[in-house]
Amino acid sequence: TAAIGEALHAIVPAYCIHAHSANLSFFTLLKDFVGRIVTKERQCEKTRHSLLDHFLQALRQLPTKQDSSDAAASLIACVMALESYNIQLPRTDDDNDDSTMTNSNSALKKNEASESIRLLANAPTPMRIAVSLSLLQYAEKLMSSICSQSANSVELHSGSKLKVNISEVALLALVGPNSDEERKQLTSYSEYTGDQKRSILYLTVSLLQTVRDATSTPSAKKLVRKSQGNDVDLCLRLWQELMQTHVNALRAHSKLIANDVLEDFEKRFWVAATTATSACLENLQNILPVPHFLASVSSTLSEDSVDDYIRKKTIRLLSERVAEVNSDSPEALLFLEAVPELVSQVCVARPKITDETSLVSYRRAIVMQQGALIAIESFARSLYPPTDDSKLAKKASDAFIPALTSVTRLLGEGASSWIDSNSDDNNNSSYDVRDVECQLFSSAALCIYRLVTVLKARCIPHLPSIVTPLLAALKSINIFIGSTTDQADTTGKFLQLSILRTLSAVAETLPQFLLPYLPLIFSKNALASIVLRRGTAEGENSVRAATDEVSEVLATRTPIRQLVPALSQALGRNLSQNEEGSSWEEATSILAIMKIAVESSQRSELTPVIGKIFNGLVTSYAYELKKADNREEL
C-alpha cells in the first residue's frame, strides 16, 4: 500500500484542483474510491485503513485549509453514507437490530469501530473542528429532509466544489455506490422503503454522534479553550449551528410524537438525535473561552430575528455556565456585562390575547421572561462577592440594581393580574395562561429573594414595590385557597411558598425598615391567615413550615419597639370582627408571634412596650370571656 499511497498523494490533489475545469466532480472520485473499500465483507481491514488514511493525507495537501477541510468532510460523509447503506444488505439475526441507532460506538459488525470515526480521529485537531462543522450541517439538512414531505427536500447544494452535496451523500446511503441508474428514483422520505429509512436515519445520527465524539477529545477541548483568530470564528459557528440543530431536533421530535406518525425505530432515532446534540452542545459551551461564549450569547439575545427556542436555550446555557464562575475571578466581570441582556428579556412585551395564535405567543413570551429571571437569580448567586466593600461589589450592584427595578415592576404586574383574575369570573383563555403567569410571578419573587439577599441596604428604595405587591398577592391567594375545594389551590400553594420565602429574606436582611409594612403584614388574611397553617394535606406542611420561619424571623429580627404596637393593633382588629372562627385563629397566630418576640428580647427592650403587650393580652382575654358568656347563654 505504500506505493498506492504515494500515487494518491500525487493524483488526488491534482484531481481536486483541475477536476472542475474538466467537468468532473469530486463526488465521482469519492464514490468510486470509497465504494470499492467500504464493503460489507472486510477481509483486509489493515489495507482498507491504510488506503483511507493515505487518501485523507492527500487531501491535506490541497492549497487552502478550507479546501482540505471541505474535502475531508466529504470523504468522511461518504464513508458514513456507505456504512449506512450496508445495513440494508442481508444481515444475520444478531445484526438485525435497531439498537445501532442509539449507540455511538456501534458498527456494521459488532466489535468493529466505525471507519468514519477512526478517520476523523486521525485528522489534525484544527481540521477536526472544521470537519465537525460540515458534518453537523449535513446532519441538519438530512433532518430537514426527514421532516419534509417534498421529494426535492434533499436537493440542497453545499456551495463548495470540494464539499459534496447532501443529495449525493443521501443517494449513497439509499442505493449505494452504483447509484447512477437509481438517481431518478430519489424521492421524499415518506416514500422510502423501511430499509432505506433506516439507512438515512442511521447516517444522520452517526453524523451527529461523530461530531459529539470529535469535540469531546482532550485535544479538541484544548484547541477550543485556546482558540484565536479564525479558530474562534469556527468554534462559535459550530456552537451556533449546534444550537440551531438541537432546537430543530427537539421541535421535530415533539411535533412528530404529537401526530403519532412514528415507527419504533424512528422514535429511537429522534431520541438519539436530541441526546447527541444536547451532549455536544453541553461539551462545547463548557469549554468555549468566556469572551467568545458571551459574545455569541449577546449576539443571539440581541438579534430580533433569532428563534424564541434558540433564545430560551441560550439563556439556559448561560445560567449553567455562570454557576461555575467564582465571584473573585476575572471572568466574573465579563459575565456581569451580560446582565443588561437578561434584563432586556425580562422587559419583553407580551402580545394581547385575541386568538389561539396570540395565546401561544403570549405563553412563549412568559416562558422567555421566566428563563431570564432564573438566569438573573443564578448570576446574583454566583457573581456577587461575599464582602460588600470591594470594587467588584460596586460593579455588581451597578449591574443588579437595574435588574431589581425591572423584576419588581414585573412582580407588581403579576400581583395585579392574580388579584384581578380572582375578583371576577374567568374565561377559558384566562385559565389557559393562569399557570404560566403564576410560574412567572413565583420566579420573579424568588429572583427578588436572591437580589435582596445580596444587595441588602441597596434595596431600601425598592421596598414599597416589593413588600406591598407580595402581601397583596398573598392575601388574595389565601382568600382563594380558603374558598376552593378543588385541585386549583395547588398553584396557590406554589405562590404562597415563593412569597413567604421572599418575605423571609426581606425580614432577615432589612428588619429595621419594615415598620411601614407591619400593619399590612399582620392584616386579615395575610401572614396570620389560618390557610397558611393547615398542614394536613400534601404541600401544606411546607407552606406551614415557611410561614413559621417568616414569623420567627419577624419576631426575632424586627425591633420590638416597632413590632409590639403593630401586633397589638392587629389583635384589636381581629378580635373586633363579628365573625368568630377565622378572626380568633388569626389572633392566636399573632399571639404566638408576640410570645416569640418577648422571649427573644432583653428586659430593657421590653420596658417601653410593656403597656402595649398587656393591652393585647387584655383584649384577647376580654374576647375569650365574651365567648364563654355566649356559650353559657346558649
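As a reminder, the structure under discussion sits directly above these lines.
Residues numbered from 1 in each chain as written. Predicted model: local features only at pLDDT ≥ 70, side-chain atom pairs only at ≥ 80, totals over all residues. Heavy atoms only, no water.

Enquirer: How should the overall build of the protein chain be read in this particular structure?
Expert: Of the regular secondary structure elements, the protein chain holds 26 helices and 0 strands. A total of 634 residues make up the protein chain; the buried ones form 52% of that total. Long-range contacts, defined here as pairs at least 24 residues apart, represent 79% of the contacts in the protein chain between residues at least 6 apart. Working note: accessible area of the protein chain is about 29,300 Å², and carbon and sulfur atoms make up 50% of it. (Helix = DSSP H or I, 4+ residues; strand = E, 2+ residues; numbered from the N terminus. Buried < 20%, exposed > 50% of the residue type's maximum accessible area, 1.4 Å probe, protein only. Contact = heavy atoms within 4.5 Å. Areas by Shrake-Rupley, 256 points an atom, 1.4 Å probe, with all protein chains shown as cover.)

Enquirer: Help me out: how do you make sense of the packing of aromatic side chains in this one?
Expert: To describe a pair of aromatic rings, you give the distance between the ring centres and the angle between the ring planes. Inspection of every chain in the model, using the stated rule, returns 7 aromatic pairs. Relative to phenylalanine 55, the ring of phenylalanine 33 lies with its centre 4.6 Å away and its plane at 25°, an arrangement referred to as stacked. Of the two residues, phenylalanine 33 is situated in helix 2 (residues 26-37) and phenylalanine 55 in helix 3 (residues 45-59); the sequence distance between them amounts to 22 residues. For phenylalanine 33, a relative accessible area of 16% puts it in the buried group. With 5.8 Å between their ring centres and 75° between their planes, tyrosine 189 and tyrosine 192 make a pair best called edge-to-face. The ring of tyrosine 138 carries lysine 163 above its face, with NZ or CZ at 5.7 Å from the centroid. The ring centre of phenylalanine 293 lies 4.9 Å from the NZ or CZ of arginine 321, which sits over that ring. (Phe/Tyr/Trp six-rings, centres within 6.5 Å; stacked < 30°, edge-to-face > 60°. Lys NZ or Arg CZ within 6 Å of the ring centre and 35° of its normal.)

Enquirer: Help me understand a nonpolar patch on the surface in this model?
Expert: Among the surface-exposed residues, Ile610, Phe614 and Leu617 lie close enough to one another that they form a single nonpolar patch of about 280 Å² accessible area. Within the secondary structure layout, isoleucine 610 lies in helix 26 (residues 610-633). Residue isoleucine 610 is classed as partly exposed on the basis of its relative accessible area of 39%. (Patch = residues over 30% accessible without salt bridge, like charges linked within 9 Å, V, L, I, M, F, W, Y side chains within 5 Å. Salt bridge = Lys/Arg side-chain N within 4 Å of Asp/Glu carboxyl O.)

Enquirer: So what exactly am I meant to see when it comes to the pattern of salt bridges here?
Expert: Two side chains of opposite charge can pair, provided their charged atoms sit close to one another. Taken as a whole and judged by the stated rule, the model has 8 salt bridges. The closest approach of N and O atoms between glutamate 599 and lysine 595, which form a salt bridge, is 2.6 Å. Within this pair, glutamate 599 and its partner lysine 595 are both found in helix 24 (residues 581-599), separated by 4 residues, close to a single helical turn. With respect to burial, glutamate 599 and lysine 595 carry one shared label: exposed. Salt bridges here are not isolated pairs; linked through shared partners, they connect Glu377, Arg381 and Arg450.

Enquirer: Whenever I open this one, helix 1 (residues 2-18) confuses me. Can you help?
Expert: In an α-helix, one turn spans 3.6 residues, which is why side chains three or four residues apart end up on the same side. Taking 1.5 Å of rise per residue, 17 residues should cover 24 Å, and helix 1 covers 25 Å from first to last C-alpha, within 8% of that figure. Approximately 25° is the largest bend angle found in helix 1, and it occurs at leucine 8. Looking at the buried side of helix 1, the elements it contacts are helix 2 and helix 3. (Expected span 1.5 Å × (residues − 1). Bend = angle between axes of the 7 residues up to and from the residue.)

Enquirer: Looking at this structure, how should I read the packing of helix 10 (residues 230-259) against helix 12 (residues 290-302)?
Expert: Helix-helix packing: each pair is described by the crossing angle between the helix axes and the interaxial distance. With their axes 10 Å apart at the nearest point, helix 10 and helix 12 run at an angle of 50° to one another. One element, helix 10, and the other, helix 12, form an angle in the oblique class. Crossing hand, helix 10 versus helix 12: right-handed. Residues Val232, Leu236, Trp239 and Gln240 of helix 10 lie in contact with helix 12, whose contacting residues are His292, Phe293, Ser296 and Val297. Each residue belonging to the contact of helix 10 with helix 12 can be placed in one class, and the counts come to 5 nonpolar, 3 polar and no charged. (Axes fitted to C-alpha atoms, helices over the stretch in contact; angles between N-to-C directions. Parallel < 35°, antiparallel > 145°, perpendicular 65-115°, else oblique. Left-handed = near helix turned anticlockwise from the far one by under 90°. Nonpolar A, V, L, I, M, F, W, Y, C, P; charged D, E, K, R; others polar.)

Enquirer: Would you mind going over the packing of helix 6 (residues 125-147) against helix 8 (residues 194-214) with me for this structure?
Expert: With their axes 9 Å apart at the nearest point, helix 6 and helix 8 run at an angle of 150° to one another. In terms of orientation, helix 6 and helix 8 fall into the roughly antiparallel class. Helix 6 and helix 8 meet at a crossing whose hand is left-handed. Every residue of helix 8 that contacts helix 6 at Arg128, Ser132, Leu135, Leu136, Tyr138, Ala139, Leu142, Met143 and Ile146 is listed here: Ile200, Leu201, Leu203, Thr204, Leu207, Leu208, Thr210, Val211 and Ala214. Among the residues making up the contact of helix 6 with helix 8, the classes are represented as 14 nonpolar, 3 polar and 1 charged.

Enquirer: I keep staring at the environment of threonine 453 and nothing clicks. Help me out?
Expert: Its location among the elements puts threonine 453 in helix 18 (residues 428-455). Spatially, the C-alpha atoms of threonine 453 and alanine 380 are 9.2 Å apart, while their sequence positions differ by 73 residues. In this structure, threonine 453 is in contact with Ala505 and Thr509, ignoring residues within four places of it in sequence. Reaching out from threonine 453, the side chain makes a polar contact with the backbone oxygen of tyrosine 449 at a distance of 2.7 Å. (Polar contact = N/O pair within 3.5 Å; in protein donor to acceptor, adjacent residues only side chain to side chain.)

Enquirer: Would you mind going over unusual backbone geometry with me for this structure?
Expert: For residues besides glycine, phi is generally negative; the peptide bonds are generally trans as well. Although it is not a glycine, lysine 456 sits at a positive phi angle of roughly 55°. Within the chain, asparagine 525 stands out as a residue other than glycine whose phi angle is a positive 70°. In this structure, asparagine 525 sits in the loop between helix 21 (518-521) and helix 22 (540-557). Under the relative-accessibility criterion, asparagine 525 is labelled partly exposed at 21%.

Enquirer: Where do I start with the environment of glutamine 602 in this structure?
Expert: Structurally, the position occupied by glutamine 602 is in the loop between helix 24 and helix 25 (603-606). Separated by 42 residues in sequence, glutamine 602 and isoleucine 560 place their C-alpha atoms 9.8 Å apart.

Enquirer: Would you take a moment to explain helix 13 (residues 308-322) for this structure?
Expert: Across its 15 residues, helix 13 extends 21 Å between first and last C-alpha, which sits within 8% of the 21 Å expected from 1.5 Å per residue. Residues of helix 13 that are buried include every one of Ile310, Arg311, Lys313, Thr314, Ile315, Leu317, Leu318, Ser319, Arg321 and Val322, and no others. Where helix 13 is buried, its residues touch helix 10, helix 11 (264-287), helix 12, helix 14 (330-336), helix 15 (339-346) and helix 16 (356-383).

Enquirer: Could you clarify how one ought to interpret the side chain of threonine 314 in this entry?
Expert: Relative to the helices and strands, threonine 314 resides in helix 13. Each residue touching threonine 314, except ones within four places of it in the same chain, is listed here: Trp239, Met243, Val297, Thr300 and Leu301.

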